[in-house]
Amino acid sequence: MLDRLRELQEQALRELEQVTDKQALDQWRVTHLGKKSALNQVLRSVGQLPKEERPIVGQRGNEVKLALEAAYEQRVQVLKAQEMARALAEESVDVTLPGRPVSLGRLHPSTQALREIYAIFAAMGFQVYTAPEVETDELNFGLLNMPPHHPARDMWDTFYTTRPGVLLRTHTSPGQIRVMRERCPEPIRVILPGKCYRYEQITARSEHQFYQVEGLAVGRHITLTDLKGTMAEYARRAFGAERKMRFRGSYFPFTEPSVEVDMDCIICGGAGCRVCKYTGWLEIAGAGMVHPQVLRNGGYDPSVYSGFAFGMGVERPMMLKHNIDDIRYFYSNDIRFLQQFG
Ligand code: FA5
């Protein structure tokens, strides 16, 4: 029996030498130390041995078991160390390799232009007020002095929704009524930026969605001179200190008098070029003194209060500043165009 135990031990240790992975190790454990192992059978049969042999075989059997268990634990450690060494070798990182550049997103050119406009007007004391893009007919037209069938409505080709009386705003001017009704009778000095929509033929100069920034100042002593000063200051801060301004009489139903605000051409300095169509001037905004009826619609008594308003595009001035010859680049998602505005 003792020989049998020695054989079992030698064989088990020989086999253990061959074990190189976890699965084989588990199998080895079942075979040599499990319930059905030959060693266990020997240990269980000790009781049937002659009385004098029992302690000797029993003791030896336990020694073999302990020896195998110790050998097993040792093998576990060896395999673990080998696994770790292999993983380190395979997954090693070459820290001397140059890193891959992370490609960063950037702000859309219209957003950049808007932020520049906010900063300029904030420095002049204007707050930013936002109004909805989906508007009522009444706010977009009616309360701006254009009742149904008023011919001036034709100035704005409109996207109507399926809901009667609801449309996509054609300009930011309806925000004037909203802010007046909210702030009345406080004085107002705000800009209202946002998207506008027009059912227009898309061309190099006209998109059917574009940004506008509306400006509105209401108070007891607001004059046309304030409008001129504000527009001139804006143009100089946005396009250069040497800018000259020109106001031309115009017509908008919601301002009286109405003007178009021009500045001297930033490309040719007023000499005349293709961009300014050889006039020397570029149009930057429609503007005027808020019409008395519009003030009234906003809750202000026009015999006490007056105001000025202006509305300017965002993409068209950007096109002039950066020599962009087609407005469609702004919203056609061509990454090569967008990447040029860092
Ligand atoms: C208006 O929309 C008036 N609400 C402006 C205004 C406000 C006047 C307050 C008086 C008082 P107009 O239709 O001219 O005006 O548009 C203003 C600016 O929006 C234009 O100068 C232009 O820069 C921009 N714009 C108009 N239509 C388009 C278009 N289809 N694509 C790109 N920009 C446009």
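Quick notes on the rules
Residues numbered from 1 in each chain as written. Predicted model: local features only at pLDDT ≥ 70, side-chain atom pairs only at ≥ 80, totals over all residues. Heavy atoms only, no water. Helix = DSSP H or I, 4+ residues; strand = E, 2+ residues; numbered from the N terminus. Rg over C-alpha atoms; globule rule 2.2 N^0.38 Å. Buried < 20%, exposed > 50% of the residue type's maximum accessible area, 1.4 Å probe, protein only. Contact = heavy atoms within 4.5 Å. Areas by Shrake-Rupley, 256 points an atom, 1.4 Å probe, with all protein chains shown as cover. Lys, Arg positive; Asp, Glu negative; His and termini not counted. Charge placed at Lys NZ, Arg CZ, Asp CG, Glu CD. Near = heavy atom within 4 Å. Polar contact = N/O pair within 3.5 Å; in protein donor to acceptor, adjacent residues only side chain to side chain. 1 Å grid on protein atoms, 1.4 Å probe; cavity = no way out; pocket = protein on both sides within 12 Å on 5 of 7 lines; lining within 4 Å. Sits in = over half its atoms within 2 Å of the grid points. Domains from an automatic or database assignment. Salt bridge = Lys/Arg side-chain N within 4 Å of Asp/Glu carboxyl O. Points joined across faces, edges and corners; volume = space filled by probe spheres on them. Nonpolar A, V, L, I, M, F, W, Y, C, P; charged D, E, K, R; others polar.

Comments concerning the overall build of the chain
Scanning the chain for helices and strands turns up 11 helices and nine strands. Taken over C-alpha atoms, the radius of gyration comes to 43 Å for the chain, far larger than the 20 Å a tight globule of 342 residues would show. Across its three principal directions, the C-alpha atoms of the chain cover 130 × 45 × 35 Å. Residue burial in the chain is summarised as follows: out of 342 residues, 43% are buried. In the chain, the proportion of contacts linking residues at least 24 apart, taken out of those at least 6 apart, comes to 66%. Surface accessibility of the chain: about 19600 Å² in total, with carbon and sulfur atoms responsible for 52%. For the chain, the distance from the average site of its 43 positive side-chain charges to the average site of its 41 negative ones is 1 Å.

Describing the site of the ligand
Looking at the ligand, there are 24 residues lining it, with His-171, Ser-173, Arg-198, Glu-200 and Glu-207 nearest. One of the side-chain N or O atoms of His-171 is found 2.9 Å from a nitrogen atom in the ligand. A distance of 3.3 Å separates an oxygen atom of the ligand from a polar backbone atom of Gly-313. Surface burial for the ligand is 93%, taken as the share of its 680 Å² of free accessible area covered by protein chains. With respect to the pocket detection grid, the ligand is positioned in the largest pocket. Put simply, the parts of the chain that give the shell around the ligand at least two residues each are β5 (209–219), β8 (281–290) and β9 (306–313). Considering each element in turn, the shell around the ligand owes the most residues, four residues, to β9.

Re the domain arrangement of the chain
Here the domain parsing of the chain yields domain 1 (2–90) and domain 2 (109–341). When each unit is reduced to the centre of its C-alpha atoms, the spacing between domain 1 and domain 2 is 89 Å.

A short note on the pattern of salt bridges
Note that side chains of opposite charge can pair when their charged atoms are close. Scanning the entire structure with this criterion turns up 17 salt bridges. Across the salt bridge formed by Arg-243 and Glu-242, the nearest N and O atoms sit 3.5 Å from each other. Between Arg-248 and Asp-262 there is a salt bridge, and its shortest N-O distance comes to 2.7 Å. Placement of Arg-248 in strand β6 (residues 245–252) and of Asp-262 in strand β7 (residues 255–264) is noted, with a sequence separation of 14 residues between them. Shared partners join several salt bridges into a network, and the residues in it are Arg-246, Arg-248, Asp-262 and Glu-283.

Thoughts on empty space enclosed by the protein
Summed over the entire model, instances satisfying the criterion amount to one cavity of 30 Å³ or more. Computed from the structure, the largest cavity encloses a volume of approximately 110 Å³. Lining the largest cavity are Ala-113, Glu-116, Ile-117, Ile-120, Tyr-234, Ala-238, Phe-239, Val-314, Pro-317, Met-318, Lys-321 and His-322. Broken down by secondary-structure element, the contributors of at least two residues to the lining of the largest cavity are α5 (109–123), α8 (224–239) and α10 (315–322). Counted by class, the lining of the largest cavity contains nine nonpolar, one polar and two charged residues.

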